[in-house]
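# Coordinate analysis (summary)
Chain residues, written in single-letter form:
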Amino acid sequence: TVVSDLNGRGGEGVAAVVRSTGVVLAINDRVGLPRPLRVPGMNRFSGVMADGTSDALSGVSWQGKRVVVFGMGAFAVENVRTALESGASHVTVVARRLGTICPKMIDYLNFVKPWDEQYRHDPLTNIKQMKCWRDCYIKSGAVAPEVWPGKVKHDGHTISVSDIWFVAHHLGKMCTKVGTLESMVEGGCVLSDGSFLPADIVVGCIGFTRNTTFCEQLTGRTEVMHSNYLDKNMMYLADAEIDETAFNSFFGSSVLEYAKFYTNTYVQAFERPDALGSILWGAAVKRTPVSLRKWTQYIAVAQELIEKDTTMRGLAADQVRERTKHFYRTMSPEAFLEVNRLEWEELHERLNGSPVSKDKQLPYLFGAAPTWCAPPSEVLG
């Protein structure tokens, strides 16, 4: 049974039974309701305190303000950018553990560098790329995640993309601190270790609850196969927890790329169940509770499909090839380098409020990046 506006007139929907031979549940999973930042003493704080979602800080003047952001996920990093670009005098980020921030060039390279037949990047250029990334942390004074160098990121964390993070650290406009908020007083924040942070604006970005119960409510099922299938011809096409090796696949950092591949998978399995059913919904397919879904689970099944089925192998190759062409047509590695370098240099003046001489800027470290990519003639023909 579904609730639908069958007449297309808007207003309240009506209950109806829609019969079908297949169902795809393309619904939100990983990001549910935001966790509110609530501690004793909030009513005593003389500044602005709000959660960093849903435009709660729309209209706030950041100019010259001391800002404290709690959390270090994607929303926290975006609030840091907003504060700094809007003239905040300083931003302190406080988190239980340090998230991973990558420069824009690192994220771009993850999509445009050549892949081998197993969809792996060249190890040598990976090493060069990681050295540049590490040097960004070292030279800027930003603190790297505690899990480096053994792991790229903490389990459960994503990787946020930001150049301003490194430039701001270099200019002394921001810093990070491990801790949690204990209470608020008139002039700022008291942390769990007893230390005090003066603040004019306090932003809460401490994560979201998982939204996994929606699938369970709709279907009555508490388990999903690693292939995203709940049953034959019934797919749960939703994001999942981004675990450690999630970025080492041809999906890159893109949920859209994952959705493209599994949409093709669904169509192929619908047309060729005898060929693909054993991989996607057969008795041997691994299962997991819906609440414990992870990226690496469906990445592993995608790899199995590519290895065992010629058609799926071709579809994956087409997807990667067309995506790479799109990147090159939009902005080739050489063009991206020049634009990114210019943005990097301009960030210094924007955050400083006046020009910063080249010798005082954070060095741009990715000048060799285009040489790690295929030439445009090879990609575009």
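Look above for the structure.
Calculation criteria
Residues numbered from 1 in each chain as written. Predicted model: local features only at pLDDT ≥ 70, side-chain atom pairs only at ≥ 80, totals over all residues. Heavy atoms only, no water. Helix = DSSP H or I, 4+ residues; strand = E, 2+ residues; numbered from the N terminus. Rg over C-alpha atoms; globule rule 2.2 N^0.38 Å. Buried < 20%, exposed > 50% of the residue type's maximum accessible area, 1.4 Å probe, protein only. Contact = heavy atoms within 4.5 Å. Areas by Shrake-Rupley, 256 points an atom, 1.4 Å probe, with all protein chains shown as cover. Lys, Arg positive; Asp, Glu negative; His and termini not counted. Charge placed at Lys NZ, Arg CZ, Asp CG, Glu CD. Core = buried A, V, L, I, M, F, W, Y, C linked by side-chain atoms within 4.5 Å. Expected span 1.5 Å × (residues − 1). Pairing = 2+ DSSP bridges. Axes fitted to C-alpha atoms, helices over the stretch in contact; angles between N-to-C directions. Left-handed = near helix turned anticlockwise from the far one by under 90°. Nonpolar A, V, L, I, M, F, W, Y, C, P; charged D, E, K, R; others polar. Polar contact = N/O pair within 3.5 Å; in protein donor to acceptor, adjacent residues only side chain to side chain.

This next bit is on the overall build of the chain. If you tally the helices and strands in the chain, you get 11 helices and 17 strands. Taking 2.2 N^0.38 as the reference for a compact globule, 381 residues should give roughly 21 Å; the C-alpha atoms of the chain span a radius of gyration of 24 Å, in line with that estimate. Taking the principal axes of its C-alpha atoms as reference, the chain extends roughly 65 × 55 × 45 Å. Looking at the 381 residues of the chain, the share that counts as buried comes to 46%. Nonlocal contacts in the chain, meaning residues at least 24 apart in sequence, comprise 75% of its contacts between residues at least 6 apart. With the model as given, the accessible surface of the chain reaches about 18600 Å², and the carbon-plus-sulfur share is 53%. For the chain, the centre of its 41 positive side-chain charges and the centre of its 42 negative side-chain charges are spaced 2 Å apart.

A few words on the nonpolar core. Residues Val 67, Val 91, Met 105, Trp 165 and Phe 166 are the most contacted members of the largest nonpolar core, which totals 55 residues. Not counting chain neighbours up to four residues away, the residues in contact with Met 105 comprise Phe 336, Leu 337, Asn 340, Tyr 364, Phe 366 and Ala 369. Residues Leu 237, Phe 250, Trp 281 and Ile 299 belong to the second largest nonpolar core, which totals 30 residues.

Next up on the list: helix 3 (residues 123–140). With 18 residues, helix 3 ought to run about 26 Å at 1.5 Å a step, and its terminal C-alpha atoms sit 26 Å apart, in line with that. Those residues of helix 3 lying buried are Thr 125, Gln 129, Cys 132, Trp 133, Asp 135, Cys 136, Tyr 137 and Ser 140. Taken together, the buried residues of helix 3 touch strand 7 (100–102), helix 2 (104–112), strand 8 (159–161), helix 4 (164–170) and helix 10 (333–352). Phi turns positive one or two residues past the end of helix 3, at Gly 141, with a value near 90°.

Glancing now at the side chain of Asn 79. Within the element layout of this structure, Asn 79 appears in helix 1 (residues 74–85). Classification of Asn 79 as buried rests on a relative accessible area of 10%. Discounting residues that sit within four places of it in the chain, Asn 79 has contacts with Gly 52, Leu 57, Val 203 and Cys 205.

Glancing now at the sheet that holds strand 3 (residues 23–25). Sheet architecture is open: three strands sit in the order 3-16-15, paired in mixed fashion. The open sheet terminates on both sides in strands that have one partner only, identified here as strand 3 and strand 15 (229–231). Neighbour-to-neighbour, the strand axes of this sheet turn through a mean angle of 20°, independent of strand direction. With three bridges connecting them, strand 3 and strand 16 (residues 234–236) associate as parallel partners. Along strand 16, the bridge assignment pairs Val 23 with Met 234. Here helix 6 (residues 255–271) sits on the sheet and contacts strand 3, strand 15 and strand 16; the angle it forms with strand 16, its principal contact strand, is near 175°.

Glancing now at the packing of helix 7 (residues 273–280) against helix 8 (residues 295–308). The description of two packed helices rests on the angle between their axes and on the distance between the axes. For the pair helix 7 and helix 8, the least separation of the axes is 10 Å and the interaxial angle reads 145°. Between helix 7 and helix 8 the crossing geometry is right-handed. Each of Leu 276, Ile 279 and Leu 280 in helix 7 lies in contact with helix 8, whose residues at this interface are Val 301, Glu 304, Leu 305 and Lys 308. When grouped by side-chain class, the residues that make up the contact of helix 7 with helix 8 number five nonpolar, no polar and two charged.

To continue, consider the environment of Arg 287. Following the sequence through the fold, Arg 287 ends up in strand 17 (residues 287–289). Judged by relative accessible area, which is 46%, Arg 287 ranks as partly exposed.

This part takes up the side chain of Asp 239. On the secondary structure map, Asp 239 appears in the loop between strand 16 and helix 6. Within the local environment of Asp 239, its side chain forms a polar contact with the side chain of Trp 295, the two groups lying 2.8 Å apart. If sequence neighbours within four positions are ignored, Asp 239 has contacts with Asp 29, Arg 30, Val 255, Tyr 258, Arg 293, Trp 295 and Tyr 298.

On to the environment of Asp 163, then. As for its position among the elements, Asp 163 is in the loop between strand 8 and helix 4. Look at Asp 163 and you get buried, because its relative accessible area is 3%. For the pair Asp 163 and Trp 344, spaced 181 residues apart in the sequence, the C-alpha separation amounts to 7.0 Å. If we ignore the near neighbours within four places in the chain, the residues touching Asp 163 are Pro 103, Lys 104, Asn 340, Trp 344 and Leu 347.

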